[in-house]
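So the chains spell out like this:
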Amino acid sequence: MIEDQASSLRRMNQSRLVKVIAVTGGKGGVGKTNITLNTAISMAKQGKRVMVLDADLGLANVDVLLGLRVEKNLSHVLSGEATLDEVLVHGPHGILIAPASSGTQSMTELSPTEHAGLIRAFSELQTPIDVLIVDTAAGISDMVLSFSRASQDIMVVVCDEPTSLTDAYALIKILNREYGVFRFKIVANMVRNVREGQELFNKLSKVTGRFLDVALELVATVPYDENIRKAVRKQKAIVDAFPASPAAMAIKGLAKEAMHWPVPTQPGGHLEFFLEQLVTKKAAGGNG
Ligand SMILES: Nc1ncnc2c1ncn2[C@@H]1O[C@H](COP(=O)(O)OP(=O)(O)OP(=O)(O)O)[C@@H](O)[C@H]1O
Ligand SMILES: [Mg+2]
């Protein structure tokens, strides 16, 4: 089995540079899923092959937002009942959605068979992808931490509420102290204007600056926009339903920028590195 894993990893290593971005935030309801989905669709419209890994089992799942039917999920892949290609759901503009399995299980607590299954599943993936965006659940569970620290870039979504800031801080602190993650990309969501987004970012970086050794970057300011809710009701992404609306414009800008974030060529840029990190108990370096 170890042999199997090693050769699967070697095979992947040969060709697949994939940008892996985790979307997280600590607090529930800050807009992670909407930002994930709209970023993914915007990138797909720009010609990227995008997969969304739905690691959130909350009510407003990626598939629910888009009105898609999900029959199988990653647990079927882990147990060998299905291939990854079989569980992928096709979304708008060709984005692929991989529905997660049970949210209670930590990815670091998979059995050796499940490890092998996961790695094999990705190595056998027939559909080539350029970008993998991971939508994480609310909270700071092991699952959220393992997906975040395994990704090359971590987008932390915050909104102007004290609990959002404290939860984001707590998440950043754990990822930094326990996993050595150093860089965080901040998305200020549901703000009134760019200035308010900047102020929110300043508040967060003030506390992290005082207590932690991390680098935060404000990568997007997404305004509060009723069109997001309207789009959700239509089971569409705002970038499709209301492409000229303020929130859609902001997320399109974010997607455009994110496509230019560098993919490390060695070793963190490969899909197998993400998987290795995902299933390893402790990472020394994280994305730092
Ligand atoms: N910029 C925005 N303007 C207005 N409403 C927004 C905006 N962003 C998100 N929302 C709304 O906030 C709610 C939560 O959004 P979403 O489901 O994306 O958050 P989440 O962080 O994924 O939540 P959870 O933690 O439950 O997974 C939804 O009703 C969504 O329509
Ligand atoms: Mg969500």
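In case you missed it, the structure is sitting above this.
Each chain carries its own residue numbering, running from 1 in the direction its sequence is written. The order in which chains are written sets their letters, starting at A; the order in which ligands are written sets their numbers, starting at 1. The model is predicted, so local features are restricted to residues of pLDDT at least 70 and side-chain atom pairs to those at 80 or more, both for listing and for counting; the totals for chains, interfaces and linings are taken over all residues. Calculation of side-chain values draws on the structure's entire complement of heavy atoms; hydrogens and water are dropped beforehand.

**Some thoughts on the nonpolar core**
Thinking step 1. Remark: nonpolar core denotes a set of buried residues (Ala, Val, Leu, Ile, Met, Phe, Trp, Tyr, Cys) joined through side-chain atoms within 4.5 Å. Throughout, exposure labels follow a simple rule: accessible area from a 1.4 Å probe, protein chains only, divided by the maximum for the residue type, with under 20% read as buried, over 50% as exposed, and the rest as partly exposed. In this structure, Met43, Val50, Ile95, Met155, Val187 and Leu254 are the most contacted members of the largest nonpolar core, which totals 41 residues.
Thinking step 2. To qualify as a helix, a DSSP run of H or I must reach at least 4 residues; to qualify as a strand, a run of E must reach at least 2; elements of each kind are numbered from the N terminus. With seven residues, the top contributor of residues to this core is helix H12 (residues 246–258).
Thinking step 3. Contacts: residue pairs with any heavy atoms within 4.5 Å of one another. Other than its neighbours up to four places away in sequence, leucine 254 contacts Ile35, Thr39, Met155, Val187, Val219, Ala220 and Trp261.
Thinking step 4. Within the second largest apolar cluster, 31 residues are counted, among which are Leu74, Leu78, Ala121 and Phe147.

**Re the pairing of strand E7 (residues 183–191)**
In the case of a regular strand, side chains alternate between the two sheet surfaces.
Thinking step 1. Burial analysis of E7 places seven of its nine residues in the buried class, the great majority of the element.
Thinking step 2. Here strand E6 (residues 153–159) runs beside E7; their pairing, made up of five bridges, is parallel. Its bridge partner being in E7, methionine 155 is matched across the sheet by lysine 185.
Thinking step 3. Handedness is read with the strands pointing away from the viewer; a crossover is right-handed when the path from the first strand over the helix to the second is clockwise. For the handedness criterion, the β-α-β arrangement of E6, helix H8 (residues 162–179) and E7 is classed as right-handed. Paired strands are those between which DSSP finds at least two bridges.

**Let's talk about helix H6 (residues 112–123)**
Thinking step 1. Multiplying one less than the number of residues by 1.5 Å gives the expected span of a helix. The terminal C-alpha atoms of H6 lie 16 Å apart, and with twelve residues this matches the ideal 16 Å at 1.5 Å per residue to within 8%.
Thinking step 2. Of the residues making up H6, those classed as buried are His115, Ala116, Gly117, Leu118, Ile119, Ala121, Phe122 and Ser123.

**Let's talk about the site of ligand 1**
Thinking step 1. Around ligand 1 lies a shell of 18 residues, among which Lys32, Thr33, Asn34, Asp56 and Asp225 are the nearest.
Thinking step 2. N or O atoms within 3.5 Å of each other form a polar contact, as long as, within protein, one can give a hydrogen and the other can take it, and as long as residues adjacent in sequence are counted only when both atoms are side-chain atoms. At a separation of 3.0 Å, an oxygen atom of ligand 1 approaches a polar backbone atom of glycine 29.
Thinking step 3. Contacts to ligand 1 include arginine 229, whose side-chain N or O atom sits 3.4 Å from an oxygen atom.
Thinking step 4. Shrake-Rupley sampling with a 1.4 Å probe provides the accessible areas, and residues are treated as covered by the protein chains on show and by no other component. Calculation on ligand 1 without its partners gives an accessible area of 630 Å², and the protein chains cover 85% of this total.
Thinking step 5. Put simply, the parts of the chain that give the shell around ligand 1 at least two residues each are helix H2 (32–45), E7, strand E8 (215–223) and helix H10 (226–233). It suffices for a single heavy atom of a residue to lie within 4 Å of a molecule or strand for the residue to be listed as near it.

**Regarding the sheet that holds E6**
Thinking step 1. If you walk across this open sheet you meet the eight strands as E3-E4-E2-E5-E1-E6-E7-E8, and the pairing is mixed. Each of the sheet's edge strands pairs with one partner strand only, and the pair in question is strand E3 (89–90) and E8.
Thinking step 2. Of the strand pairs in this sheet, strand E1 (residues 19–24) and strand E5 (residues 131–136) are connected by five bridges, and their pairing is parallel. Looking at the pairing, lysine 19 lines up with valine 131 of E5.

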